Amino acid sequence: MLPPLDTSRLLIRERTLDDLEACLEMDRDPEVTRYIAGPWHDPVAHRQFVEYRITRRYPPGLGYWSIRERSDPERFIGWVLLIPDHGEGPDVEIGWRLVRSAWGRGIAIEAAKAVVVHAFETVRLPRIIADIDADNHASLRVAEKLGMKWVSYDSSDGKRYERYRLVRDDLRGS
């Protein structure tokens with residue numbers, strides 16, 4: 001079970017199957033999934049993919065959290081994650097996805113900062129990474145605002161992904 005990571009304006013709680021339909025609806029917006037590979041156009045595979053991500057066991061302290069605003073706690077606005085990179089690690093990835101109506105309001109950075117604190121103070125990870133499509137400028141800005149540093153890129157599947165990393169020890173000096 002994941003702890004709540006609430007902030008002054010957000011409710012950040014473990015994602016459950018109760019969030020499934022809202023997650024599927026969010027992913028059906030082609031602008032939301034524009035930079036993310038996935039089975040978005042195959043309804044059966046899409047549902048299986050999201051159900052698996054919700055129900056699979058992650059190492060302690062890792063998984064997905066759903067995001068809601070305190071001002072409208074029934075409305076799902078996205079999720080934030082801390083999961084093993086490519087499903088197995090050893091690196092641990094941070095990521096976020098929001099419904100389009102939540103874009104541009106600082107919600108991704110606020111939720112991700114709460115996850116960073118959890119990653120370093122509770123789980124005691126030495127570092128976290130994020131792989132972001134090079135054209136996804138909004139997510140690249142979130143990574144930079146978190147204090148993440150560019151370390152490399154990968155274009156093995158024909159798209160360019162920028163790898164960012166945040167090391168726990170780097171935060172101590174800031």
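Above: the structure in question.
Procedures and definitions
- Residues numbered from 1 in each chain as written.
- Predicted model: local features only at pLDDT ≥ 70, side-chain atom pairs only at ≥ 80, totals over all residues.
- Heavy atoms only, no water.
- Helix = DSSP H or I, 4+ residues; strand = E, 2+ residues; numbered from the N terminus.
- Rg over C-alpha atoms; globule rule 2.2 N^0.38 Å.
- Buried < 20%, exposed > 50% of the residue type's maximum accessible area, 1.4 Å probe, protein only.
- Areas by Shrake-Rupley, 256 points an atom, 1.4 Å probe, with all protein chains shown as cover.
- Lys, Arg positive; Asp, Glu negative; His and termini not counted.
- Charge placed at Lys NZ, Arg CZ, Asp CG, Glu CD.
- Phe/Tyr/Trp six-rings, centres within 6.5 Å; stacked < 30°, edge-to-face > 60°.
- Lys NZ or Arg CZ within 6 Å of the ring centre and 35° of its normal.

A. Structural context of the overall build of the protein. Along the backbone of the protein there are 5 helices and 7 strands. Along the protein, from the amino end to the carboxyl end, the secondary structure elements read β-α-α-β-β-β-α-β-α-β-β-α. Whereas a compact globule of 174 residues would reach a radius of gyration of roughly 16 Å, the protein reaches 15 Å, a difference of no more than 12%. Dimensions of the protein along its principal axes, counting C-alpha atoms only, are 45 × 40 × 30 Å. Burial statistics for the protein: of 174 residues in total, 47% are counted as buried. Summing over all exposed atoms, the protein offers an accessible surface of approximately 9600 Å²; the carbon and sulfur share of this is 50%. For the protein, the centre of its 27 positive side-chain charges and the centre of its 29 negative side-chain charges are spaced 4 Å apart.

B. Examining the packing of aromatic side chains more closely. Taken as a whole and judged by the stated rule, the model has 3 aromatic pairs. Aromatic side chains Tyr 64 and Trp 79 sit 5.0 Å apart centroid to centroid with 75° between the ring planes, which places their arrangement in the edge-to-face category. Taken together, the positions of Tyr 64 in strand β2 (residues 63-69) and Trp 79 in strand β3 (residues 72-84) put the pair 15 residues apart, joining distant regions of the chain. Both residues of the pair, Tyr 64 and Trp 79, count as buried. Through pairs of rings, three or more aromatic residues link up here, namely Tyr 58, Tyr 64 and Trp 79. Positioned above the aromatic ring of Tyr 64 is the side chain of Arg 15, whose terminal nitrogen or guanidinium carbon lies 3.9 Å from the ring centre. Of note, Arg 160 hangs over the ring of Tyr 153, and the distance from its end group to the ring centre comes to 3.6 Å.

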